[in-house]
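Coordinates in review
Take a look at the letters that make up each chain.
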Amino acid sequence: MAEDFGLYLSLTKDGHTKRDLTGPAGKVSLKETTIQDELILFSELNFEPYALVVDLVRNCAGSIMVQDEGHYGELDMKEFQFMVDTVIDLVTTMEKETPLYGTLLRTQIEDQITADDGTAMYPIRTGQELVTLLTGVMQIQFVVNEVLYDLCEKAPLEPKKYEGLWETPVTEVLTLEGGGLTTRYHFRSAVDYYHFLLLHFIAGKPNVALCQCCGRYFIPRTKKKTLYCDRILKDSKTCKEWGPVLKHKLAVQRDEVIKAFDRAKRKMYKRYERKEYGINQKPSEKDLSYAEYYEWLDRATKARDDYLEGKITAEDAMATIG
């Protein structure tokens, strides 16, 4: 019997994950990883190309109902069809370029977007549902980053701040392997997948640290205080190799740039549109669109990295980070 589309995940005793993705192209085994590595990688993803399309869909959703002299008039079905075609193109492109996200976006749409019931409200309701669905993966990325920040700062994860985080539905699939039963988890949504990983991550009480060389989160291999991560910084050398050298060279400026980037990043996504805007309701001037946030993040991350590699001055980096 053919497996349903989606991501199948099993957890090993040593903390690794085994993942199989089943989609239109068939079944593919993804690279083995760990929960902590997958979450930190996800926290650093730049969704800028995706965000541009999401902003376009959001604009379309707000234009489906034609407004004439302050009154709502007829539905703009051309706008609605353009929105639907845009989402279909997005799914198809993602399935080719990023199969994990493309497949999970397809399955989430199949599960959550209802068939046309012929009512006048269907295009309006579907537009709102698509916006909520498409923005979900970026919203959970913000939650992951906030959790990493709080864990790094040894701050308690306040229930009010993370309302809705503490439980998530999951589908379990039992398979017979090697003479015993193995539990696999089946996901048809990227939000559910990362929510699941985040709960397991928190339950493990991880020791999250911020690298004092590159300014990225990492999990030390031991319980000892570790200042630097194992990422390659430049010249094929890791932060652990460069850290002690840079510590005695413009250490204050380096720390200022890293801290400024972290502060600005948190400030910028607090300006991000986090509430659900109603049809035709526009965000304020203080709010950022999805694309604007990731466009800034791309520039700021490059400025931070260029500074750490000695390509630009601290002043230039700070000016870009803003």
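For the structure, see preceding data.
All of the points below concern the structure found in this document. Quantities reported herein were computed from a predicted structural model and do not represent experimental measurements.

Packing of helix α1 (residues 35-43) against helix α6 (residues 190-203) leaves a shortest axis separation of 10 Å and a crossing angle of 125 degrees. With respect to their mutual orientation, α1 and α6 come out oblique. The interaxial crossing formed by α1 with α6 has left-handed handedness. Taken together, the residues of α6 that come into contact with α1 (itself represented by Ile35, Gln36, Glu38, Leu39 and Phe42) are Tyr193, Tyr194, Leu197, Leu198, His200 and Phe201. Across the contact of α1 with α6, the residue classes tally to 8 nonpolar, 2 polar and 1 charged.

Once that is clear, we can look at the nonpolar core. One recurring pattern in soluble globular proteins: nonpolar side chains tend to sit buried together. Ranked by size, the top nonpolar core spans 86 residues in total, and within it Tyr50, Leu105, Leu134, Met138, Tyr194, Phe201 and Tyr293 carry the most contacts. Counting residues per element, this core draws most heavily on helix α5 (residues 121-152), at 14 residues. Apart from residues no more than four positions distant in its own chain, phenylalanine 201 is found in contact with Ile35, Gln36, Leu39, Leu148, Leu151, Pro206, Val208 and Ile219.

On to the layout of surface pockets. Within this model, the largest pocket holds a volume of roughly 960 Å³. Lining the largest pocket are 37 residues; nearest its centre among them are Thr33, Thr34, Gln36, Asp37 and Glu38. Contributions of two or more residues to the lining of the largest pocket are made by β4 (33-34), α1, α4 (99-112), α6 and β10 (217-218). Here the element with the most residues in the lining of the largest pocket is α1; it accounts for 7 residues. Residue classes in the lining of the largest pocket are distributed as 18 nonpolar, 8 polar and 11 charged.

Following the criterion strictly, the structure yields 15 aromatic pairs and no others. Both rings, one in phenylalanine 47 and one in tyrosine 101, keep their centres 6.1 Å apart while their planes meet at 80 degrees; by these two values the pair is edge-to-face. With a gap of 54 residues between them, phenylalanine 47 in the loop between α1 and α2 (48-61) and tyrosine 101 in helix α4 connect regions that are remote in the sequence. Plain terms: the ring middles of tyrosine 293 and tryptophan 296 are 6.3 Å apart, the flat faces sit at 40 degrees to each other, and that makes the pair tilted. In this pair, tyrosine 293 and tryptophan 296 are both assigned in helix α9 (residues 290-308), 3 residues apart and thus about one turn of the helix distant. Since its relative accessible area comes to 1%, tyrosine 293 is described here as buried. Classification of tryptophan 296 as buried rests on a relative accessible area of 6%. Between lysine 237 and the ring centre of tryptophan 242, over which it is positioned, the NZ or CZ distance is 5.5 Å. Sitting over the face of the ring of phenylalanine 261, arginine 304 holds its NZ or CZ atom 4.3 Å from the ring centroid.

This part is about the environment of aspartate 235. With respect to the helices, strands and loops of the structure, aspartate 235 is situated in the loop between β11 (232-234) and β12 (237-238). A relative accessible area of 59% means that aspartate 235 is categorised as exposed. For the pair aspartate 235 and glutamate 309, spaced 74 residues apart in sequence, the C-alpha separation works out to 9.2 Å.

A separate point is the pairing of strand β2 (residues 16-23). Of all 8 residues making up β2, 6 are buried, and the element is well covered by its neighbours. Relative to β2, strand β1 (residues 6-11) runs antiparallel, the two sharing 6 bridges. Pairing of tyrosine 8 across the sheet is with aspartate 20, part of β2. Between β1 and β2, which pair antiparallel in sequence order, lie 4 residues; one of them, glycine 15, sits at a positive phi of approximately 90 degrees.

Conventions used here
Residues numbered from 1 in each chain as written. Predicted model: local features only at pLDDT ≥ 70, side-chain atom pairs only at ≥ 80, totals over all residues. Heavy atoms only, no water. Axes fitted to C-alpha atoms, helices over the stretch in contact; angles between N-to-C directions. Helix = DSSP H or I, 4+ residues; strand = E, 2+ residues; numbered from the N terminus. Parallel < 35°, antiparallel > 145°, perpendicular 65-115°, else oblique. Left-handed = near helix turned anticlockwise from the far one by under 90°. Contact = heavy atoms within 4.5 Å. Nonpolar A, V, L, I, M, F, W, Y, C, P; charged D, E, K, R; others polar. Core = buried A, V, L, I, M, F, W, Y, C linked by side-chain atoms within 4.5 Å. Buried < 20%, exposed > 50% of the residue type's maximum accessible area, 1.4 Å probe, protein only. 1 Å grid on protein atoms, 1.4 Å probe; cavity = no way out; pocket = protein on both sides within 12 Å on 5 of 7 lines; lining within 4 Å. Points joined across faces, edges and corners; volume = space filled by probe spheres on them. Phe/Tyr/Trp six-rings, centres within 6.5 Å; stacked < 30°, edge-to-face > 60°. Lys NZ or Arg CZ within 6 Å of the ring centre and 35° of its normal. Pairing = 2+ DSSP bridges.

Note that every value here comes from positions in space, so none of it alone points to a role or purpose.
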